[in-house]
Amino acid sequence: MSISLNKQSNIDEKTEELSEKLDKCLVLNESGEDSLCFWAVRILQTCDPHEKARLTNEVAEKWMSGEICQIGFKNPPDQPKRPEHLTVIDPAKIRRGKGGTLASRVALLHSLANIEQWAMDLSWDIIARFSDFRFSNGSSLPKDFFSDFVKVAQDESKHFVLLDKRLNELGSHFGALAVHNGLWESATTTKFNFLSRLAIVHMVHEARGLDVHPQTRLRFANQNDSESVKLLDILYEDEITHVAAGIKWFQYTCQQNNLGIIETFQEMVKKYFKGYLKPPFDTKGRSIAGMTEEWYMPLIKPGQCV
């Protein structure tokens, strides 16, 4: 079939005009301050952790009140920004101590503050990175998904502020000690797969926070540090809801895509997580969140005592 030069020219002009309109829409979506993704990326690009926490709380309040109502789209950075003065070292070189001295307790709290800083970023990253995710039937993520992870981000910002306040009360501050970027390695590994991101970051790592809570709490309690114990209990109660959010949307995604839920979770862990899951497990906290033993017990090292 042949097309006249005039007709072809008209088609080309209309195609170019449509392309320009689409480009303008994309630019508006990427730069519009009325979208959630715009602010998610702005927070990821904010290097000061205190400003990051402040912005997180402000944006969360605006989203929940309806002042920000558009999800939008904006590409997140490969890695969140950090202050230049922050000393970053290999995770294996971090010394947390056992809580027997003031310096050791400060090191533990500092390590937790670093985790909460990354947790803020991880919540905003899943919002921005997967805002255009589609299920196998072509449908997009419900607005409730974004609301859930905005709430998680807000909780993490609260945790960071509380931990930094406690560090100040103990004569230190966040940034006084070296930190690591270990959590972001999992974000990088899972950046192209929504189910793996939920499984590894928002289920495996979040649940690990529940597992270490009893021993960490005991270390502070043994030193009569009641203020830190109260703080740790706040973190623990919130983290249960964060694990529940990961499970909720992992289950929803599997159901939308006709996948076995627990089988798919175990497949994601084996593929995207390094090594085995390590006991002891906080079975009570995990169970409250909706993660019963059938989810994770097959993922421990064969023959390992629980």
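Here the structure is shown first, and the text comes after it.
Computed from a prediction, not measured in an experiment: that's the story for all the values here. (Residues numbered from 1 in each chain as written. Predicted model: local features only at pLDDT ≥ 70, side-chain atom pairs only at ≥ 80, totals over all residues. Heavy atoms only, no water.)

Can you break down the environment of Leu 259 residue by residue, with the values?
Along the chain, Leu 259 falls in the loop between α8 (226-256) and α9 (261-272). Take Leu 259: its relative accessible area is 37%, and that puts it in the partly exposed class. Residues in contact with Leu 259, not counting those within four places in the same chain, are Leu 195, Cys 254 and Thr 264. (Helix = DSSP H or I, 4+ residues; strand = E, 2+ residues; numbered from the N terminus. Buried < 20%, exposed > 50% of the residue type's maximum accessible area, 1.4 Å probe, protein only. Contact = heavy atoms within 4.5 Å.)

Explain the environment of Ile 43 residue by residue, including any values.
By the secondary structure assignment, Ile 43 is in helix α2 (residues 36-44). Every residue in contact with Ile 43, bar those within four places of it in the chain, is listed here: Lys 52, Leu 55, Thr 56, Val 59, Asp 121 and Trp 124.

An account of helix α6 (residues 182-189) is needed here, citing residue identities and associated values.
Restricting attention to buried positions, one finds in α6 the residues Gly 182, Leu 183, Trp 184, Ser 186 and Ala 187. Residues of α6 that are buried make contact with α4 (102-129) and α7 (194-221).

If you had to explain the pattern of salt bridges to someone new, which residues and values would you point to?
Enumeration according to the criterion identifies 17 salt bridges in this entry. Between Asp 121 and Lys 52 there is a salt bridge whose closest N-O contact spans 2.8 Å. Separated by 69 residues along the polypeptide, Asp 121 in helix α4 and Lys 52 in helix α3 (residues 49-65) bring together distant segments of the chain. Each member of the pair Asp 121 and Lys 52 is classed as buried. The salt bridge involving Glu 227 is made with Lys 230; its shortest N-O contact spans 3.6 Å. Placement of the pair is Glu 227 and Lys 230 together in helix α8, with a separation of three residues, close to one helical turn. Given a relative accessible area of 43%, Glu 227 falls into the partly exposed group. What you see here is one network of salt bridges that share partners, running through Arg 105, Lys 165, Arg 166, Glu 169 and Asp 225. (Salt bridge = Lys/Arg side-chain N within 4 Å of Asp/Glu carboxyl O.)

Could you give an account of the nonpolar core, naming the residues involved and the relevant values?
One finds Leu 36, Trp 124, Ile 127, Phe 250, Phe 265, Met 291 and Trp 295 to be the most contacted residues of the largest nonpolar core, which totals 58 residues. In terms of residue count, α7 provides more of this core than any other element does, nine residues in total. Look past the residues within four positions of Met 291 in its chain and what remains in contact with it is Met 203, Ala 207, Val 243, Ile 247, Phe 265, Arg 286 and Tyr 296. In this structure, Leu 109, Phe 160, Phe 174 and Leu 235 belong to the second largest nonpolar core, which totals 19 residues. (Core = buried A, V, L, I, M, F, W, Y, C linked by side-chain atoms within 4.5 Å.)

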